[in-house]
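# Inside the fold
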Amino acid sequence: MKYIIDYEALQNFLEGLSKKDIETTFYKPENPLLAEGDKIDYCLKYEPTTPLNKVIQYGQPFLVDLLGNDLSVCVLTKRKYKAPDGRVVGCKFVKTIIKDCCKIYGSSLNGYWIIPQQFITLKK
């Protein structure tokens, strides 16, 4: 992976959020602490006007509800990989950060999110 992620700080940050701080498809807060993102292939085909700070590039890690009722770090790839539950997905699984979203946020989260810049750095 081309990025270094501070998993412990990211987990503490995510556990401290409420559902009102997270941007989702149906809820768009004015200043979200966790911004929703779109994969680059979707943006090129369907949403060419999406701002670049919301586009997840190939090779970039992001947060996703991959296994169901969780938040996991995955890396967007052109190649398909098997998720830990056996499904074939267009990303490579790295690590589960939050195992039970219902316990923390009151309901499961669905979507893709950009990892905040304070928790991710590019390797030199």
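Structure: above.
Values in this document were obtained by computation on a predicted structure and should not be read as measured data.

## A look at the overall build of the protein
From N to C terminus, the protein includes three helices and eight strands. Put simply, the protein runs from its N terminus to its C terminus through helices and strands in the order β-α-β-α-β-β-β-β-α-β-β. A compact globule built from 124 residues would reach a C-alpha radius of gyration of about 14 Å, and the protein, at 14 Å, matches this within 12%. Projecting the C-alpha coordinates of the protein onto the three principal axes gives extents of approximately 35 × 30 × 30 Å. Put simply, the protein shows about 7,700 Å² of open surface, and 52% of that area lies on carbon and sulfur atoms. A distance of 9 Å separates the average location of the 18 positive side-chain charges in the protein from that of its 14 negative side-chain charges.

## Here we look at the environment of Gly 16
Note on placement: Gly 16 falls in helix H1 (residues 7-16). With 90 residues separating them along the chain, Gly 16 and Gly 106 place their C-alpha atoms 13 Å apart.

## Remarks on unusual backbone geometry
Residues apart from glycine generally show negative phi values, whereas peptide bonds are mostly found in trans. The backbone of Asn 69 sits at a positive phi, close to 60 degrees, despite the residue not being glycine. Along the chain, the position of Asn 69 falls in the loop between strand S4 (61-64) and strand S5 (71-82).

## A short note on the layout of surface pockets
Approximately 260 Å³ is the volume found for the largest pocket. Looking at the lining of the largest pocket residue by residue, the classes come out as nine nonpolar, three polar and one charged.

## Description of the packing of aromatic side chains
Per the counting criterion, the structure on display carries two aromatic pairs. Between the aromatic rings of Phe 13 and Phe 119, the centroid separation amounts to 5.1 Å while the plane-to-plane angle is 45 degrees, which identifies the pairing as tilted. In this pair, Phe 13 is assigned in helix H1 and Phe 119 in the loop between strand S7 (112-113) and strand S8 (120-122), connecting sequence segments 106 residues apart. Given the relative accessible area of 19%, Phe 13 is considered buried.

## Section: the sheet that holds S7
One open sheet holds the four strands; their spatial order is S6-S5-S4-S7, and the pairing between them is antiparallel. Looking at the sheet topology across the chains shown, the edges are occupied by strand S6 (88-98) and S7. The strands that H1 touches are S4, S5 and S6; relative to S6, the one it contacts most, it runs at about 80 degrees.

## Some words on the nonpolar core
Counting 19 residues, the largest nonpolar core has Leu 10, Leu 14, Leu 63, Leu 71, Tyr 105 and Ile 115 as the members making the most contacts within it. Looking at this core, the elements that each hand over two or more residues are H1, S5, S6 and helix H3 (101-105). Considering every element that reaches this core, the biggest residue donor is H1, with three residues. One finds Leu 66, Cys 74, Leu 76 and Val 89 within the second-largest nonpolar core, a separate group that totals twelve residues.

## Focus: the side chain of Glu 23
Take Glu 23: it is sitting in the loop between H1 and strand S2 (38-39). A polar contact is formed between the side chain of Glu 23 and the backbone nitrogen of Glu 36, at a distance of 3.1 Å. A polar contact of 2.8 Å, which involves the side chain of Glu 23, links it to the side chain of Lys 54. Once you skip the residues sitting within four places of it in the chain, Glu 23 turns out to touch Lys 28, Pro 29, Pro 32, Leu 34, Ala 35, Glu 36, Lys 54 and Trp 113.

Reading guide: rules and limits
- Residues numbered from 1 in each chain as written.
- Predicted model: local features only at pLDDT ≥ 70, side-chain atom pairs only at ≥ 80, totals over all residues.
- Heavy atoms only, no water.
- Helix = DSSP H or I, 4+ residues; strand = E, 2+ residues; numbered from the N terminus.
- Rg over C-alpha atoms; globule rule 2.2 N^0.38 Å.
- Areas by Shrake-Rupley, 256 points an atom, 1.4 Å probe, with all protein chains shown as cover.
- Lys, Arg positive; Asp, Glu negative; His and termini not counted.
- Charge placed at Lys NZ, Arg CZ, Asp CG, Glu CD.
- 1 Å grid on protein atoms, 1.4 Å probe; cavity = no way out; pocket = protein on both sides within 12 Å on 5 of 7 lines; lining within 4 Å.
- Points joined across faces, edges and corners; volume = space filled by probe spheres on them.
- Nonpolar A, V, L, I, M, F, W, Y, C, P; charged D, E, K, R; others polar.
- Phe/Tyr/Trp six-rings, centres within 6.5 Å; stacked < 30°, edge-to-face > 60°.
- Buried < 20%, exposed > 50% of the residue type's maximum accessible area, 1.4 Å probe, protein only.
- Pairing = 2+ DSSP bridges.
- Contact = heavy atoms within 4.5 Å.
- Axes fitted to C-alpha atoms, helices over the stretch in contact; angles between N-to-C directions.
- Core = buried A, V, L, I, M, F, W, Y, C linked by side-chain atoms within 4.5 Å.
- Polar contact = N/O pair within 3.5 Å; in protein donor to acceptor, adjacent residues only side chain to side chain.

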